[in-house]
Amino acid sequence: MKIEIFRESGFVSYERELKDITLLKFLEEIKTKEDNSLAFSSGCRSSVCGSCAVRVNGKEVLACSYKVKDGDKVEPLKNCEVLRDLAVNMDKAYSFNAKAKAWMQEHTSTQGITQDDEKRNEIQSDCILCSSCYSACPVYSVNESFLGPFALTRSWKYVTDKRQDEEYEKIEAVQNSGIWDCTLCNECTVVCPQGISSKADIEKLRAKSAAHGFMDPNFGSFGGGFGGFGGGFDGSPVF
Amino acid sequence: MITDVLIVGAGGAGLMAAIAAKEEGANVLVLTKEYPTRSQTCMAQGGMNAALGNVSEDSVEAHIQNTLKSAHGLADESAVRFMCEEAPKAVEWLDSIGVCFSRTPDAKVAQRKLGGASASRACYAQDYTGLKILHTLYDRCNALEIEMLAEKFLLELVQDDAGTVCGVRVLDIRSGEQEEYYAKSVVLATGGYSRIFGKNSTNSKASSGDGIAVAKKAGAKLLDMEFVQFHPTGLKSSSILISESARGEGGYLLNSKGERFTNELAPRDEVSRAIDAEIKKGEEIFLDIRHLGEEFIEENLPQERKLAKLYENVDPVHELMPIRPVAHYTMGGIEVDSSSKTNLEGLYACGECANHKVHGANRLGGNSLLEIIVFGRQAGTNAAKYGQKRSSFKVNEQSSRVYEFTSSQEHNYDFYALQDEIADLLYEKVGIVRTKSELLEAQQRVLEIKSLLNEMGVRDASQTYNTNLVEFLEFQNKLAVCEVVLESALSRDVSVGAHYIV
């Protein structure tokens, strides 16, 4: 099996007699047996630590859960500084979690949380911060300060949490370079290894924002913007 | 850079310590060789013990007794008592900061039964308990504006003239430069050493015992290093963990004849030995959850299904999962007292790198997530208090030299190959069932490999982001830990818990 890996010098071909293995195994084989200088990140190798996201043939995958195919082209994530080969700097991406104020505002009462309440944000709390969505997001080409899909999903996790009494500050935190900058292209949803739809979460944050009197700055004078009051989650304008 | 409390490691224990120290009023800095949220904690699935009695009758006393029994007399009862008494408050606190614990139909935190427990005691968040606790702690750190720096690899502890720990020297992986960070107190929360068993371990590749090796070099005492817990159900070919909750929810262990051969919910050391004995008879061992049904599996064990499909090509709804016991948790670690302090002034430790004497010879399932919260908090609080009493300190300038990497230009040996060799050697000879002669054989080989260190080294010449160098440093740490594991194992002639010697 032959694959190409994008390194500092451009695409480099590697061939190994291996089949039915994960990309991570393939990379480890090359690293330990052929070229010790290959750089990539990995950790748990069971798709829960979020370390090993890369792009294969242009699409974000976790190297530990992707089975390699002949001819695959492997590249580092987009929208992040490449440190070396497939290893990227996540600091900026991670910093958006704090900018979005994605945390529980106050220590709150936990009495009476039902199974239905638990389900409200169960999927959002499955996020492993692998940054696949961040890499796939086209908004960064026009706005480098965009809070981005995972941070906004994280915000929604706390906004919708039954234990969260005070939500205004959180909603306020996602207005600038936040929910209204999203183009609702859905690329984030497509690549998420955990089946999370940040696009849907962003739409729900928009509806919540409207309820708090915030408006889409781009469509402010028309009163609402996309996915607003009616809670239409298909991306079509709702006036 | 000078701070009050410096924490090395950003897993559950490290982040909990950071939060506690910050709440105590200290300035806190967290360093990690990875990124926060990527640590071993995220892999914990089963749950976190607390005698809430939400599902079945339970008591703190029962939790204590179960823990002591599993520890085979090697735990400290007062430490266990403290941990178990704190447990309900720890769960309540995690719940208050947003951990999405699963709930019962009557709106309480749901609990399930794990091996060795007399009641349904493990609180869980679907089967992502560790992940959700870890990420929520990370969010809390952000709320408290705690600074966390990624990709800093611990090289050594910095001590002042009096020998008191006052900082660390790290390798900045990105620049390749060495850096020193000073603090009034240091907390090590660097994780365990299961990866000395290499591919025969459920753990992340990062579990290389760095903090333990570094602390030992500085004079810290290590305790009970021979105790390594083998998890009964790693997937056979990949060692990926299938959570104990699979058995807790009613899964069976079967041999090739399709017969059950052990009590699936006995403590982990017993179940692992039962499986090992069957394997030695030539049997293949399987975990069977088919009878639980697809709907139940999807609701309660979705991650196990996903992992089995991906890494073993079996769908547990319809097929048996081939398994074997693999190294999962290391009970041994840096010895700490009842305030989480090590024998070195200024140095605290918590999490899997520490030994709080609560697991003894065999950890009870569901107690590791509990431990990192209870003792992570204790370590952080006490490190902050210690710092408040320490007004100023002077770093011995002479001691602040550059750490010299042991790396040879000669490449007569490949450390990656030797690392794999040690992994299999340990699994064979320092594993579930041990003999004195095999321990000696393993020791001899480990020492031999150590003596070859000057004939191997880093082939990648890059100054920046040299992961070959980082892996060589991890290899050396693992080797140092192996030595202690073998010494400890050889000094204990009698079988107890996870150390089973015939």
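Note that the structure is predicted; figures quoted are calculated from it, not measured.

Chemist: With reference to specific residues and values, describe the overall build of chain A.
Modeler: When you go through chain A residue by residue, the secondary structure sums to 8 helices and 7 strands. In terms of overall dimensions, chain A has C-alpha extents of about 60 × 40 × 25 Å along its principal axes. Counting the 239 residues in chain A, one finds 51% classified as buried. Pairs at least 24 apart in sequence give 61% of the contacts found in chain A among residues at least 6 apart.

Chemist: Could you give me a rundown of the environment of B:Gln229, with the residues and numbers involved?
Modeler: All names here are of chain B. Along the chain, glutamine 229 turns up in strand β11 (residues 228-235). Overall, glutamine 229 belongs to the buried group, with 26 C-beta atoms counted inside 10 Å. Along the chain, glutamine 229 and alanine 384 lie 155 residues apart, while their C-alpha atoms are 32 Å from each other. Not counting chain neighbours up to four residues away, the residues in contact with glutamine 229 comprise Arg268, His328, Tyr329, Met331, Asn362, Arg363 and Ala498.

Chemist: Account for the domain arrangement of chain B, with residues named and values stated.
Modeler: Residue and element names in this part refer to chain B. In terms of domain boundaries, chain B breaks down into domain 1 (2-226 + 331-399), domain 2 (234-326) and domain 3 (415-491). Computed over C-alpha atoms only, the centres of domain 1 and domain 2 are separated by 29 Å. Taken together, the 18 residues of domain 1 in the interface contact 21 residues of domain 2. When its residues are assigned to classes, the side of domain 1 that touches domain 2 shows 3 nonpolar, 11 polar and 4 charged.

Chemist: Please provide a residue-by-residue account of the interface of chain A and chain B, values included.
Modeler: If you look at the interface, chain A gives 41 residues, while chain B gives 40 residues. Only β6 (81-84), α2 (91-99) and α3 (115-120) of chain A provide two or more residues apiece to the side of chain A that touches chain B. Of the residues forming the side of chain A that touches chain B, the biggest block, 4 residues, is contributed by α2(A). Class assignment for the residues of the side of chain A that touches chain B results in 16 nonpolar, 18 polar and 7 charged.

Chemist: Now, about the sheet that holds strand β4 (residues 111-112) of chain B: what can you tell me, with residues and values included?
Modeler: Residues and elements named next belong to chain B. With respect to topology, 3 strands assemble into an open sheet ordered β3-β5-β4, the strand pairing being antiparallel. Both edges of this open sheet fall to β3 (48-49) and β4, since each of them pairs with a single strand only. Sheet topology note: the β4/strand β5 (residues 122-123) ladder contains 2 bridges and is antiparallel. Across the sheet, residue glutamine 111 finds its bridge partner in β5, namely cysteine 123.

Chemist: Help me get a handle on the domain arrangement of chain A, residues and values and all.
Modeler: Residue and element names in this part refer to chain A. Partitioning chain A into structural domains gives domain 1 (2-89) and domain 2 (91-222). The interface is formed by 15 residues belonging to domain 1 together with 14 residues belonging to domain 2. Looking at the side of domain 1 that touches domain 2, the elements with two or more residues in it are β3 (53-56) and β4 (59-62). If one sorts the elements of the side of domain 1 that touches domain 2 by residue count, β4 sits on top with 3 residues.

Chemist: Give a description of the pairing of β4(A) that names residues and reports values.
Modeler: All names here are of chain A. Alignment of β3 against β4, held across 4 bridges, turns out to be antiparallel. Pairing of valine 54 across the sheet is with valine 61, part of β4. Count of turn residues in the β3/β4 antiparallel hairpin: 2 residues, of which asparagine 57 carries a positive phi of about 50 degrees.

Chemist: Go over helix α2 (residues 60-70) of chain B, please, and point to the residues and values.
Modeler: Those residues of α2(B) lying buried are B:His63, B:Asn66, B:Thr67, B:Leu68 and B:Ser70. B:His72, located one to two residues past α2(B), shows a positive phi value of around 55 degrees.

Chemist: An account of the sheet that holds strand β5 (residues 73-75) of chain A is requested, with residue identities and associated values reported.
Modeler: All names here are of chain A. Spatial strand order, β2-β1-β5-β3-β4: 5 strands in an open sheet with mixed pairing. Because the sheet does not close on itself, it has two edges, and the strands there are β2 (10-15) and β4. Neighbour-to-neighbour, the strand axes of this sheet turn through a mean angle of 35 degrees, independent of strand direction. In this sheet, β5 lies alongside β3 in antiparallel orientation, the contact comprising 2 bridges. When the bridges of β5 are listed, valine 56 appears paired with valine 74.

Chemist: Can you break down unusual backbone geometry residue by residue, with the values?
Modeler: Residue and element names in this part refer to chain A. Positive phi, close to 70 degrees, is recorded for serine 131, a residue that is not glycine. Along the chain, serine 131 falls in the loop between α3 and α4 (132-136). Located in the positive-phi region is serine 177, a residue other than glycine, with phi close to 50 degrees. The residue serine 177 is located in the loop between α6 (168-173) and α7 (187-191) in this model.

Cut-offs used in this document
Residues numbered from 1 in each chain as written. Chains lettered and ligands numbered in written order. Predicted model: local features only at pLDDT ≥ 70, side-chain atom pairs only at ≥ 80, totals over all residues. Helix = DSSP H or I, 4+ residues; strand = E, 2+ residues; numbered from the N terminus. Buried ≥ 20, exposed ≤ 12 C-beta atoms within 10 Å, placed from the backbone. Contact = placed C-beta atoms within 7 Å. Domains from an automatic or database assignment. Nonpolar A, V, L, I, M, F, W, Y, C, P; charged D, E, K, R; others polar. Pairing = 2+ DSSP bridges. Axes fitted to C-alpha atoms, helices over the stretch in contact; angles between N-to-C directions.

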